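Here are the chains, one letter per residue:
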Amino acid sequence: MGNEIQLISDGDGLAVIGDPRAVERFLVSEGLPSKDLGLPRLGSVLTVGTAAAQAGSEIAANSGRWVQLTKESAHLMHKHGLMPTKTPGVSHAMVGDPGSIHKWLQIDKASMVGNPALLAGAAGLMAQLAMQQSMKEITDYLATIDEKVDDVLRAQKDAVLARMIGVGFVIEESMTIREQRGRVDEVTWSKVQGAPATIAETQAYALRQLDALAEKLERKSAIGDLARAAREAESKAQEWLVVLARCFQLQDAVAVLELDRVLDASPDELDGHRVGLRNARQNRLELISRCTERLLGRMEAAVGRANAKVLLNPMDSPAVVRSSNHVSAAIVDFHGRLGIEGDRQSSEARRWTDAAMEARDKALETGAEGVDAARRLGNDTFDRAKWATGKLSGRVGGWSLRRRGENDELKEKKGGEACSGENVP
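Residues numbered from 1 in each chain as written. Predicted model: local features only at pLDDT ≥ 70, side-chain atom pairs only at ≥ 80, totals over all residues. Heavy atoms only, no water.

(A) Inspection of the overall build of the chain at higher detail. Across its full length, the chain holds 12 helices and seven strands. Put simply, 75% of the contacts in the chain that link residues at least 6 apart link residues at least 24 apart. On the chain, roughly 23,000 Å² of surface is accessible, and the fraction owed to carbon and sulfur atoms is 53%. (Helix = DSSP H or I, 4+ residues; strand = E, 2+ residues; numbered from the N terminus. Contact = heavy atoms within 4.5 Å. Areas by Shrake-Rupley, 256 points an atom, 1.4 Å probe, with all protein chains shown as cover.)

(B) How the structure looks around the side chain of aspartate 271. Mapping aspartate 271 onto the fold places it in helix 10 (residues 270-308). Residues in contact with aspartate 271, not counting those within four places in the same chain, are Thr87, Pro88 and Ala120.

(C) How the structure looks around the packing of helix 9 (residues 223-265) against helix 10. Between helix 9 and helix 10, the shortest axis-to-axis distance is 11 Å and the interhelical angle comes to 175°. Taken together, the axes of helix 9 and helix 10 are roughly antiparallel relative to one another. Its residues assigned to classes, the contact of helix 9 with helix 10 comprises 20 nonpolar, three polar and six charged. (Axes fitted to C-alpha atoms, helices over the stretch in contact; angles between N-to-C directions. Parallel < 35°, antiparallel > 145°, perpendicular 65-115°, else oblique. Nonpolar A, V, L, I, M, F, W, Y, C, P; charged D, E, K, R; others polar.)

(D) Fine view of the pattern of salt bridges. On inspection of all chains with the given rule, the structure shows 21 salt bridges. For the salt bridge of arginine 21 with aspartate 19, the shortest nitrogen-to-oxygen distance reads 3.5 Å. Look at aspartate 19 and you get buried, because its relative accessible area is 18%. (Salt bridge = Lys/Arg side-chain N within 4 Å of Asp/Glu carboxyl O. Buried < 20%, exposed > 50% of the residue type's maximum accessible area, 1.4 Å probe, protein only.)

(E) View of the packing of helix 10 against helix 11 (residues 316-338). Where helix 10 contacts helix 11, the axes come no closer than 9 Å and their chain directions differ by 160°. The orientation of helix 10 relative to helix 11 falls into the category roughly antiparallel. Here helix 10 runs over helix 11; the crossing is left-handed. (Left-handed = near helix turned anticlockwise from the far one by under 90°.)

(F) Examining the environment of aspartate 140 more closely. With respect to the secondary-structure elements, aspartate 140 resides in helix 4 (residues 116-143). Separated by 197 residues in sequence, aspartate 140 and arginine 337 place their C-alpha atoms 8.7 Å apart.

(G) Fine view of helix 11. Helix length check: helix 11 (23 residues) gives 33 Å between terminal C-alpha atoms against 33 Å at 1.5 Å per residue, within 8%. Glycine 339 sits one or two residues past helix 11 and shows a positive phi near 85°. (Expected span 1.5 Å × (residues − 1).)

(H) The arrangement of the pairing of strand 2 (residues 13-18) in detail. For strand 2, the tally of buried residues reaches six of six residues, placing the bulk of the element in the interior. Neither face of strand 2 is exposed, since Gly13, Ala15 and Ile17 on one face and Leu14, Val16 and Gly18 on the opposite face are all buried. Note that strand 1 (residues 5-9) and strand 2 share five bridges and pair antiparallel. Looking at strand 2, one finds that serine 9 is bridged to leucine 14. In sequence, strand 1 turns back onto strand 2 through a hairpin of three residues, with glycine 11 there showing a positive phi of about 95°. By the bridge criterion, six bridges tie strand 2 to strand 4 (residues 63-68) in an arrangement that is antiparallel. Within strand 4, the residue paired with alanine 15 across the bridge is tryptophan 66. (Pairing = 2+ DSSP bridges.)

(I) Structural context of the nonpolar core. Among the nonpolar cores identified, the biggest contains 66 residues, and Ile171, Leu210 and Leu295 are the most heavily contacted of them. At the level of elements, helix 4, helix 6 (159-181), helix 7 (186-192), helix 8 (195-219), helix 9, helix 10 and helix 11 are the ones that each hand at least two residues to this core. Ranked by residue count, the leading element in this core is helix 9, at 24 residues. Setting aside residues up to four positions removed in sequence, isoleucine 171 forms contacts with Val192, Ala195, Ile199, Leu250, Ala253, Val254 and Leu257. (Core = buried A, V, L, I, M, F, W, Y, C linked by side-chain atoms within 4.5 Å.)

(J) Here's a closer look at the pairing of strand 6 (residues 91-96). Burial within strand 6 is extensive, with six of its six residues counted as buried. Of the two faces of strand 6, the one carrying Ser91, Ala93 and Val95 and the one carrying His92, Met94 and Gly96 are both buried. With two bridges joining them, strand 5 (residues 83-84) and strand 6 adopt antiparallel strand pairing. Counterpart to methionine 83 in the pairing with strand 6 is histidine 92. Counted along the chain from strand 5 to the antiparallel partner strand 6, the turn is six residues long, and its residue glycine 89 has a positive phi close to 80°.

Below, the structure written as structure tokens:
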């Protein structure tokens with residue numbers, strides 16, 4: 001192949017295949033870290049026909065490196081214009097070095113595209129490396145939770161979790177044998193055949209426990225009860241996230257062993273099996289995402305209720321917010337390790353003094369409106385009183401004038417004798 005290299009992508013990673021020196025120059029020029037693809041393991045795929053044997057010997061003389069899909073490697077794929085192939089989800093391009101390691105030109109020759117079995121085999125190897133990388137990231141995630149991880153798993157007395165822990169030992173043993181032998185034979189595979197059912201049962205149990213925490217938060221109305229439910233979620237959610245992470249890690253390990261077993265026993269079925277495992281893995285991620293998102297939603301709703309009543313609950317309301325932030329941070333970290341997209345920001349506890357000032361402002365506003373209303377009412381009352389007083393005074397004045405006139409008339413009749421008010425009818 002000389003200076004020509006082939007680029008293959010399955011959506012999760014990028015394989016670079018070609019002469020070892022050309023592959024090395026290409027990766028150095030692009031600044032990409034890589035891992036060994038393990039091309040010699042495809043020997044069982046290329047066992048039929050002269051053309052297959054020739055392709056197998058050609059591959060054996062070349063190097064294969066795997067690059068995890070990142071923004072940089074995705075840009076590289078776009079730059080070199082990888083084209084879809086007949087293998088589902090797999091794209092391919094062939095590039096050549098015209099003499100400078102900083103210039104790699106796309107060329108038309110594409111030997112691997114002409115050999116679907118070889119292309120499917122390479123895609124299978126890439127899927128295994130992607131899952132092993134995910135397993136490593138989960139191991140790093142569990143390590144960040146200190147030594148409490150082992151304590152969490154060992155403290156679970158439930159029979160379901162106990163079986164999952166036992167299955168984990170068997171899977172790790174099988175992975176060790178695989179590394180030593182380079183394949184998964186029938187004996188090794190027989191040890192882990194029943195593992196998926198046990199892991200799925202444990203996963204379902206952990207998801208139910210997270211749902212139960214979310215339901216408790218939803219049912220609580222009093223802030224004190226809500227604070228207790230939030231503290232319970234804070235203490236238990238992390239434990240069940242650990243269990244889910246371990247389940248996902250073991251499921252990826254089983255998938256790696258499964259692909260090896262299919263490659264060894266039924267290489268023609270490798271590509272279909274790879275696609276099926278990929279779809280099943282995505283379904284698990286979506287299921288876990290829905291469950292954890294529900295818990296996040298309940299925690300956010302709890303924060304809203306707590307902040308609305310912080311004035312009357314200056315201790316419990318901030319406690320709800322703190323617990324919510326801890327749970328949210330744990331779930332976001334968990335999502336990142338499993339490759340679940342999402343972005344959450346911590347909720348800010350509404351300060352009691354802020355709430356008190358707001359309540360004071362409302363009270364002052366209401367009081368001012370009351371004073372204005374009282375002033376308006378007082379003015380109206382005073383005006384009505386003045387009007388009533390004036391009207392009454394007018395009536396009294398008119399009545400006095402009438403009495404005076406009547407007295408004068410009587411005096412004239414009686415010859416000027418004074419008339420008392422008592423004689424006035």
